[in-house]
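These are the residues of each chain, in order.
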Amino acid sequence: MCESVYEEGNAYFEKNVYIPSLTFSIKKIYSKETNFESDPHFLEKFFTNISVVRKITENNGCTVYTDGLKSLRLYQNGYIEFYDTVSEASPTDKIFALRKSVVFLEEIGIKVDDIYLMDFKEEKGEYNFYFNYIFDYPLRILQKEMLDFPIEINISNGNIKYARVLYLDLMSNGSYLISHAKLKQPLAMGLKEINWREPLSDLKIGYAYYEGQFIPVWIGESNNKVFFINIFNGKLIYNGV
């Protein structure tokens, strides 16, 4: 059950923006800690011959594995990057490329039931797929050093050439129960901090992954601008103005 948040004389919202009108719940989620280097089979998911793979520790703390043709970089913030320079071409189309991307993610341990296709680009036979995580609500990534898309797969000539993955193993440990009254008050508090002149065209509930935490937030958008308001205290986490 939802209700419009549009009010006559209130310039915050367009008429087709709604919020829940009853008490609702949102799960408390966290990411199960993963130690890649403690998994004896992890490198086998990326390299054919483990005996020729070299390990390099970079000055910035990243760990790189390479066999001369493929490389895997492990970041300290949970991201991994995979490059493949093998140039064997095979015929492909966007459906084949998408399936290949999903199979790759499954093989490296990503739960495909926890992701969805968020965007897609095609140029001269090269395909880029952008995936996002979802639990009971969508997840938005707020890390300054990385793009908003937690998963990006590039396929060229039928092969995976590049993959950037924020490796999350999402779990739930209970739920927050939020009343209608407690839902509206923090939203009003957060809106007072925003100085937008045009009304908001979209407002939805989701999670912000921020500094290692999964925070239930209001996600507001208008003309490619976005903001995130903490559902519980009304704090403006990020303002895209």
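Predicted model, so just to flag it, every value in this text is computed and none were measured. (Residues numbered from 1 in each chain as written. Predicted model: local features only at pLDDT ≥ 70, side-chain atom pairs only at ≥ 80, totals over all residues. Heavy atoms only, no water.)

This part covers the overall build of the protein. Counting secondary structure elements, the protein contains two helices and 17 strands. Total accessible area on the protein is roughly 13,500 Å²; 49% of this is exposed by carbon and sulfur atoms. (Helix = DSSP H or I, 4+ residues; strand = E, 2+ residues; numbered from the N terminus. Areas by Shrake-Rupley, 256 points an atom, 1.4 Å probe, with all protein chains shown as cover.)

On to the sheet that holds strand S9 (residues 126-133). Read from one edge to the other, the open sheet built from eight strands follows the order S4-S5-S6-S7-S12-S11-S9-S8, with strand pairing classed as antiparallel. In the strand order of this sheet, the two ends are held by strand S4 (54-57) and strand S8 (115-123), each with one partner. Adjacent strand axes in the sheet meet at a mean angle of 15° when their direction is disregarded. Pairing between strand S7 (residues 79-84) and strand S12 (residues 159-166): five bridges, direction antiparallel. In the strand pairing of S12, Ile 80 is matched with Val 165. Against the sheet, helix H1 (residues 94-107) contacts S7, S8, S9, strand S11 (151-156) and S12, and its axis sits at roughly 45° relative to S9. (Pairing = 2+ DSSP bridges. Axes fitted to C-alpha atoms, helices over the stretch in contact; angles between N-to-C directions. Contact = heavy atoms within 4.5 Å.)

Looking now at the packing of aromatic side chains. Enumeration over the complete set of coordinates arrives at 11 aromatic pairs. Measuring from centroid to centroid gives 5.0 Å for Tyr 83 and Tyr 162, while their planes differ by 45°, and the two rings are tilted. Here Tyr 83 is found in strand S7, whereas its partner Tyr 162 is found in strand S12, with 79 residues between them in sequence. Exposure remark for Tyr 83: the relative accessible area of 33% places this residue in the partly exposed category. Look at Tyr 162 and you get buried, because its relative accessible area is 16%. Members of the aromatic cluster, joined through ring pairs, are Phe 42, Phe 46, Phe 82 and Phe 104. Stacked on the ring of Tyr 176, the Lys or Arg Lys 28 has its end atom at 5.1 Å from the ring centre. (Phe/Tyr/Trp six-rings, centres within 6.5 Å; stacked < 30°, edge-to-face > 60°. Buried < 20%, exposed > 50% of the residue type's maximum accessible area, 1.4 Å probe, protein only. Lys NZ or Arg CZ within 6 Å of the ring centre and 35° of its normal.)

Turning to the nonpolar core, a few remarks are in order. Core analysis: the largest hydrophobic core is formed by 53 residues, its most contacted members being Leu 72 and Leu 105. Dropping the residues within four chain positions of it, Leu 105 is found in contact with Ile 110, Ile 115, Phe 131, Ile 151, Ile 153 and Val 165. Grouped together as the second largest cluster of nonpolar side chains are eight residues, Ile 215, Ile 219, Val 226 and Phe 228 included. (Core = buried A, V, L, I, M, F, W, Y, C linked by side-chain atoms within 4.5 Å.)

Unusually for a residue other than glycine, Lys 124 sits at a positive phi of about 55°. Inspection of the secondary structure puts Lys 124 in the loop between S8 and S9. Overall, the relative accessible area of 83% leaves Lys 124 in the exposed class. With a phi close to 55°, Asn 157 is a non-glycine residue in the positive phi region. Of note, Asn 157 is situated in the loop between S11 and S12.

What follows concerns the pattern of salt bridges. Applying the stated criterion across every chain, the model contains four salt bridges. Between Arg 73 and Glu 58 there is a salt bridge, with the nearest N and O atoms lying 2.8 Å from each other. With Arg 73 in strand S6 (residues 70-74) and Glu 58 in the loop between S4 and strand S5 (63-66), this residue pair connects regions lying 15 residues apart in the sequence. On the basis of relative accessibility, which here comes to 21%, the residue Arg 73 falls in the partly exposed class. With relative accessibility at 24%, the residue Glu 58 sits in the partly exposed group. Among the salt bridges present, the one from Glu 81 reaches Arg 73, with a minimum N-O distance of 4.0 Å. A cluster of three or more residues bridged by salt bridges with shared partners is formed by Glu 58, Arg 73 and Glu 81. (Salt bridge = Lys/Arg side-chain N within 4 Å of Asp/Glu carboxyl O.)

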